[in-house]
Amino acid sequence: MSLGSAAGVDDDRRPLGRAFSVAGSIFVSAFVVREVVEERLEPWIAAVALVAVVSWLLASLLPSRLDRVRIPLWFVAVGAGSLVACATQVVGFVPALIGFASLIRRPGRPLAYAFAAGGLSLALLGAGALIAPQPVQLISSVAALLIAGLVAFSRRQYRASEQQERLLLAERLAVEQERAENAALAERSRIARDIHDVLAHSLGGLVLQLDAVEALLESGRDDEAARRVTAARGLAAEGLEEARRAVDALRDPEAAQDPGAAIRALVETHRSLGARAELHESGDPGPLDAAAAGALRRAAQEVLSNARRHAPGMPTELTLDWSPRDVAFRASTALAAGAPRASVGGGHGLTGLQERMTALGGSATAGVRGRAFVVEARIPRARGAQEEKETVSA
């Protein structure tokens, strides 16, 4: 907690204190003047007492931002009021008590001020007792000083605790805001992956098919061009179906889905475009939640799309291995002899695949192995398995 923030809190609570200071200074001043008029108080003692009163009043009325001016005024009030405490029957000691308490109670002020003011007050109380020997007044003044210090310190601790709570609340709000921003960024990344998977693959396949149709028409091979147009229409229909699946997943994210059926449909579409692919399943297939099923479907879609684009005519082998705990996906696309070795960082698809699997508690790798490009992924069959895994590792 900075001194500036502490000053702001103090300003909010000062109107009542200012009113008390004005009323108290009038009372003490009236008492001192009466004592002088009735010749029970020496003029110089009255002058010192009035200096204490004026210092008290000025320090109370000045704004907290002028604390560097207020602190010396409080010390003047403490010193002058302590010196005349015994001579004024402790009434002149009131400014000293207020000044001492004020130097303690604000959390932003160092406690060194309080110790210095306390030592100054005790020293001048002793000097004042030599001027006007009043043992009872001296004991009363010391006791009042001690009580004022304890009350002010208690007030200081209360304010410090209150300000700490405000800081913790502000930090909690900042954390919540950061968490919301991170969630929004994660959602944007997920939507970007979906756009890439649904649109980029379908439109990219259409571009390849239409380029082939154009070349076939130029060469007079109309029948084969018509077949390509039919395949392109099927690819467009598959892209539309993928878009519908994505919308359904957003509407009902908890709906269980069968990724095996979706991947088989992708393989059939891949074959209809003249490519070669085989899907093998083992274990006990079953439905998955929408996020996991979508991740496996996107993985197969990415593999088959890359096979058509980078390894046309080469076979692709896909496997799904179902275990009670997770699902393992593997895809291997043969590379033609003399073809350039593929790299993993060329586009966003494989990166998005790894991000998607990691976000769901799984893993994914991709790279060239021998004469094939291999993609492997593993994903838990249920969120509970992921949570159990995290609990065990913790």
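Our structure is the block above this text.
Residues numbered from 1 in each chain as written. Predicted model: local features only at pLDDT ≥ 70, side-chain atom pairs only at ≥ 80, totals over all residues. Heavy atoms only, no water.

## Regarding helix 5 (residues 94–105)
Turning to step 1, where the next piece is worked out: With twelve residues, helix 5 should reach 16 Å at 1.5 Å per residue; the first-to-last C-alpha distance of 16 Å fits that figure.
Turning to step 2, where the next piece is worked out: The buried count for helix 5 comes to nine of twelve residues, which makes it a mostly enclosed element.
Turning to step 3, where the next piece is worked out: Pro 95, Ala 96, Leu 97, Gly 99, Phe 100, Ala 101, Ser 102, Leu 103 and Ile 104 are the residues of helix 5 that are buried. (Helix = DSSP H or I, 4+ residues; strand = E, 2+ residues; numbered from the N terminus. Expected span 1.5 Å × (residues − 1). Buried < 20%, exposed > 50% of the residue type's maximum accessible area, 1.4 Å probe, protein only.)

## Re unusual backbone geometry
Turning to step 1, where the next piece is worked out: With a phi angle near 60°, Glu 39 is a residue other than glycine that sits in the positive phi range.
Turning to step 2, where the next piece is worked out: One can find Glu 39 in the loop between helix 2 (14–37) and helix 3 (43–61).
Turning to step 3, where the next piece is worked out: Its relative accessible area of 71% is what places Glu 39 among the exposed residues.
Turning to step 4, where the next piece is worked out: Positive phi is not limited to glycine here, since Val 90 has a value of about 75°.

## Some points on the pairing of strand 2 (residues 316–322)
Turning to step 1, where the next piece is worked out: The alternating pattern of strand 2 places Thr 316, Leu 318, Leu 320 and Trp 322 on a buried face, while none of Glu 317, Thr 319 and Asp 321, on the opposite face, is buried.
Turning to step 2, where the next piece is worked out: Taken together, the seven bridges between strand 1 (residues 277–283) and strand 2 define a ladder with parallel strand orientation. Paired with Ser 282 across the two strands is Asp 321, which belongs to strand 2.
Turning to step 3, where the next piece is worked out: Each parallel crossover has a hand, and for strand 1 linked through helix 10 (residues 290–310) to strand 2 it is left-handed.
Turning to step 4, where the next piece is worked out: Examined bridge by bridge, strand 2 and strand 3 (residues 326–334) share seven bridges and lie antiparallel to one another. Bridge pairing in strand 3 links Leu 318 to Ala 331. (Pairing = 2+ DSSP bridges. Right-handed = clockwise from strand over helix to strand, strands pointing away.)

## A word on the packing of helix 3 against helix 5
Turning to step 1, where the next piece is worked out: Interaxial distance between helix 3 and helix 5 falls to 9 Å at its minimum, and their mutual angle equals 35°. Both helix 3 and helix 5 take part in a crossing whose hand is left-handed. For the pair helix 3 and helix 5, contact is made by Ala 52, Val 53 and Trp 56 and by Val 94, Pro 95 and Ile 98, respectively.
Turning to step 2, where the next piece is worked out: Among the residues forming the contact of helix 3 with helix 5, the class breakdown is six nonpolar, no polar and no charged. (Axes fitted to C-alpha atoms, helices over the stretch in contact; angles between N-to-C directions. Left-handed = near helix turned anticlockwise from the far one by under 90°. Contact = heavy atoms within 4.5 Å. Nonpolar A, V, L, I, M, F, W, Y, C, P; charged D, E, K, R; others polar.)

## Some thoughts on the pattern of salt bridges
For side chains bearing opposite charge, pairing can occur when the charged atoms are close.
Turning to step 1, where the next piece is worked out: Per the stated rule, a full pass over the model turns up 14 salt bridges.
Turning to step 2, where the next piece is worked out: Arg 264 serves as the salt-bridge partner of Glu 281, at 2.4 Å between the closest nitrogen and oxygen. Of this pair, Glu 281 sits in strand 1 while Arg 264 sits in helix 9 (residues 259–272), placing them 17 residues apart in sequence.
Turning to step 3, where the next piece is worked out: Ionic pairing is found between Glu 376 and Arg 330, a salt bridge with its closest N-O pair at 3.0 Å. (Salt bridge = Lys/Arg side-chain N within 4 Å of Asp/Glu carboxyl O.)

## Some details on the packing of aromatic side chains
Turning to step 1, where the next piece is worked out: Under the definition given, this model contains two aromatic pairs.
Turning to step 2, where the next piece is worked out: Their ring planes at 55° and their centres at 6.4 Å tell us that Phe 20 and Trp 56 sit as a pair that is tilted. With Phe 20 in helix 2 and Trp 56 in helix 3, this residue pair connects regions lying 36 residues apart in the sequence. (Phe/Tyr/Trp six-rings, centres within 6.5 Å; stacked < 30°, edge-to-face > 60°.)

## Observations concerning the side chain of Thr 333
Turning to step 1, where the next piece is worked out: Here Thr 333 is to be found in strand 3.
Turning to step 2, where the next piece is worked out: A polar side-chain atom of Thr 333 sits 3.1 Å from a polar atom in the side chain of Thr 316. (Polar contact = N/O pair within 3.5 Å; in protein donor to acceptor, adjacent residues only side chain to side chain.)

## Digging into a nonpolar patch on the surface
Turning to step 1, where the next piece is worked out: Among the surface-exposed residues, Val 22, Ile 26 and Leu 61 lie close enough to one another that they form a single nonpolar patch of about 250 Å² accessible area.
Turning to step 2, where the next piece is worked out: Structurally, Val 22 is set in helix 2.
Turning to step 3, where the next piece is worked out: For Val 22, a relative accessible area of 34% puts it in the partly exposed group. (Patch = residues over 30% accessible without salt bridge, like charges linked within 9 Å, V, L, I, M, F, W, Y side chains within 5 Å. Areas by Shrake-Rupley, 256 points an atom, 1.4 Å probe, with all protein chains shown as cover.)

## Digging into the sheet that holds strand 1
Turning to step 1, where the next piece is worked out: Read across the open sheet, the five strands follow the order 1-2-3-5-4; overall the sheet is mixed. Of all the strands in the sheet, the pair left with one neighbour each is strand 1 and strand 4 (363–369). Here the strands of the sheet are splayed against their neighbours by 10° on average, with no regard to which way each runs.
Turning to step 2, where the next piece is worked out: Taken strand by strand, helix 10 contacts strand 1, strand 2, strand 3 and strand 5 (372–380), and its axis lies near 5° from that of strand 3.

## Some thoughts on the packing of helix 9 against helix 10
Turning to step 1, where the next piece is worked out: Packing of helix 9 against helix 10 brings their axes to within 9 Å, and their N-to-C directions diverge by 15°. In this view, helix 9 runs roughly parallel relative to helix 10, as classed from their interaxial angle. The element helix 9 and its partner helix 10 pack so that their crossing is right-handed. Facing Pro 259, Ala 262, Ile 263, Leu 266, Val 267 and His 270 of helix 9, the residues of helix 10 in contact are Ala 293, Leu 296, Arg 297, Ala 300, Gln 301, Leu 304, Ala 307 and Arg 308.
Turning to step 2, where the next piece is worked out: Across the contact of helix 9 with helix 10, the residue classes break down as ten nonpolar, two polar and two charged. (Parallel < 35°, antiparallel > 145°, perpendicular 65-115°, else oblique.)

## Considering the nonpolar core
Turning to step 1, where the next piece is worked out: Core analysis: the biggest nonpolar cluster contains 35 residues, and Val 28, Val 32, Phe 93 and Phe 100 have the highest contact counts within it.
Turning to step 2, where the next piece is worked out: Every element with two or more residues in this core is listed here: helix 2, helix 3, helix 4 (67–83), helix 5, helix 6 (111–131) and helix 7 (135–218).
Turning to step 3, where the next piece is worked out: With eight residues, helix 3 is the single largest residue contributor to this core.
Turning to step 4, where the next piece is worked out: Those residues in contact with Val 28 that sit more than four places away from it in its chain are Val 53, Trp 56, Val 91, Gly 92 and Val 94.
Turning to step 5, where the next piece is worked out: If you look at the next biggest cluster of nonpolar residues, it comprises 30 residues, including Ala 293, Val 303, Leu 320 and Ala 331. (Core = buried A, V, L, I, M, F, W, Y, C linked by side-chain atoms within 4.5 Å.)

## Side note on helix 10
Turning to step 1, where the next piece is worked out: If you check helix 10, its first and last C-alpha atoms are 29 Å apart, about what 21 residues at 1.5 Å a residue would give, namely 30 Å.
Turning to step 2, where the next piece is worked out: Most of helix 10 is tucked away, with 18 of its 21 residues classed as buried.

## Considerations on the pairing of strand 4
Turning to step 1, where the next piece is worked out: The pairing of strand 4 with strand 5 spans seven bridges and is classified as antiparallel. Each residue of the ladder has a partner; that of Ala 366, found in strand 5, is Val 375.
Turning to step 2, where the next piece is worked out: Hairpin connection between strand 4 and strand 5: a loop of two residues separates the two successive antiparallel strands, and Gly 370 in this loop has a positive phi of roughly 65°.

Purely geometric stuff here, so don't read any function into it on its own.
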